[in-house]
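# Examining the three-dimensional arrangement
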Amino acid sequence: TSLKDAFKDDFLIGTAMSDFQAAGRDEKALELIKQHFNSITPENLMKAERLMTGWKQYDFSLADKMVAFAQENNIKINGHTFIWHSQMPAFMRGIRNPDSVRAYFEDIIQTVGSRYDGKVDSWDVVNEALNEDGTLRQSTFLRALGEDYIVEAFRLAQKATPNSKLYYNDYNIEQPKKRAGAIAIIKKIQEAGVRIDGVGIQGHWHLGKVPFKDIEESIKEFSALGIKVMFTELDISVLPSPWDNTSAEVSLHAAENPKMNPYVNGLPDSVSQQLAKDYEELFKLFLKYKDHISRITFWGVNDGQSWLNGWPIRGRTNYPLLFDRQYQPKAAYYSIMALK
Ligand code: XIL
């Protein structure tokens, strides 16, 4: 049995794929991907910083390798991502001139979109354009192109890759204020007569604090716009967040501090059970709304390679996923499989 088979009538089950895995160097992870997942989002390798080697110059070798792996194994790819303020190529640093920004903006969507049309099932066209209060985030794109840049990105993507589904992706958009900002973006795209097929709620949550009510409300409100809802970067950190901890005695950037990094020698069973419970409740909710949800993607295959070991504090030991450091299924895996 496997995740993808268990949920085959409900939604796609995806994972992020690291550069290391795409290069074929993590065989145990590749086996798990083939067994359990029918969708891949490249964790980094389709970001502009990685694809672009210079002005209008690209290196597609690793991306092509990943696409071939996915095709051989009948796995869909969600491209991630055309327009994002972060992980932009070094040559764009400090570029403010609107003509240059526009040229970059058009080139990446046109070049990458058309290259993978028919091969990449969907794209996160724009990633993380919002502030927490629902206003548009200050960025290279907003400054140079004005607030219509989001509609423009979707318009260009629709042209470049007519066969891909087109998504807006962001974190915390289950929170009411930021959600309202996302709804405004989606409506603006729709009112311009441009296609948007879905919205991705990233889903980087914390143990015991998963915002179930806001998530449920978001699924209802987003799907009422006639688009699909996805959970695109799901993980549940079991470690304290530095932002929850204002106490001066707790150094914010100290993996050496046992308060901030308590489970270096293994996860206590009580925590493991709480994680299983959080995942179980989440998947109950996802199943309740399966008609509106098209994909659940975990942000990584197993705990050992999760980005949450290195963010927002470097060098911690986190346990946010369904498979452990030995590539074995955890209690959280069994808790969601038991729902089927
Ligand atoms: C993260 C990757 O997981 C890391 O390896 C990388 O160093 C930084 O980016 N939101 C996103 C993802 O949309 O692209 C981010 O991925 C995590 C937050």
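Quick caveat: nothing in here was measured; it's all calculated off a predicted structure.

Criteria and cut-off values
- Residues numbered from 1 in each chain as written.
- Predicted model: local features only at pLDDT ≥ 70, side-chain atom pairs only at ≥ 80, totals over all residues.
- Helix = DSSP H or I, 4+ residues; strand = E, 2+ residues; numbered from the N terminus.
- Buried ≥ 20, exposed ≤ 12 C-beta atoms within 10 Å, placed from the backbone.
- Contact = placed C-beta atoms within 7 Å.
- Expected span 1.5 Å × (residues − 1).
- Arc of directions from axis to C-beta.
- UniProt positions renumbered as here; feature names shortened; annotations may be inferred.
- Near = placed C-beta within 6 Å.
- Nonpolar A, V, L, I, M, F, W, Y, C, P; charged D, E, K, R; others polar.

### Quick word on the overall build of the protein
Regarding its fold elements, the protein presents twelve helices and eleven strands. Along the three orthogonal principal directions, the C-alpha set of the protein runs to about 55 × 50 × 40 Å. Looking at the protein as a whole, 42% of its 340 residues qualify as buried. Expressed as a percentage of contacts within the protein between residues at least 6 apart in sequence, the contacts between residues at least 24 apart total 77%.

### Here's the deal with helix α6 (residues 98-115)
Across its 18 residues, α6 extends 25 Å between first and last C-alpha, which sits within 8% of the 26 Å expected from 1.5 Å per residue. Taken together, the buried positions of α6 are occupied by Y104, F105, I108, I109, V112 and G113. For α6, the angular spread of buried residues about the axis comes to 120°, placing them on one side. Structurally, α6 contributes buried residues whose contacts are with α4 (48-51), β5 (76-83), β6 (122-127), α7 (140-145) and α8 (149-160).

### Side note on the UniProt feature "active site" (unreviewed entry) in the protein
UniProt records the feature "active site" (unreviewed entry) at E233, using the numbering of this structure. Structurally, E233 is set in strand β10 (residues 228-237). Residue classification places E233 among the buried residues on the basis of 23 C-beta atoms within 10 Å.

### Quick notes on the environment of N257
Take N257: it is sitting in the loop between β10 and α11 (269-288). You can call N257 partly exposed: it has 16 C-beta atoms within 10 Å. A C-alpha to C-alpha distance of 9.7 Å links N257 and R316, two positions 59 residues apart in sequence.

### Considering helix α10 (residues 212-223)
With twelve residues, α10 extends 17 Å from end C-alpha to end C-alpha; this agrees with the ideal 16 Å at 1.5 Å per step. Those residues of α10 not exposed but buried are I215, S218, I219 and F222. Mapping the buried residues of α10 onto a view down its axis gives an arc of 100°, with all of them on the same face. The exposed set on the far side of α10, more than 90 degrees from its buried face, consists of K213 and K220. Close packing links the buried residues of α10 with α9 (176-191), β8 (198-201), β10, α11 and β11 (293-298).

### Considerations on the site of the ligand
Taken together, E43, N44, N127, Q202, E233 and W307 make up all the residues around the ligand. Residues belonging to the shell around the ligand are distributed by class as follows: one nonpolar, three polar and two charged.

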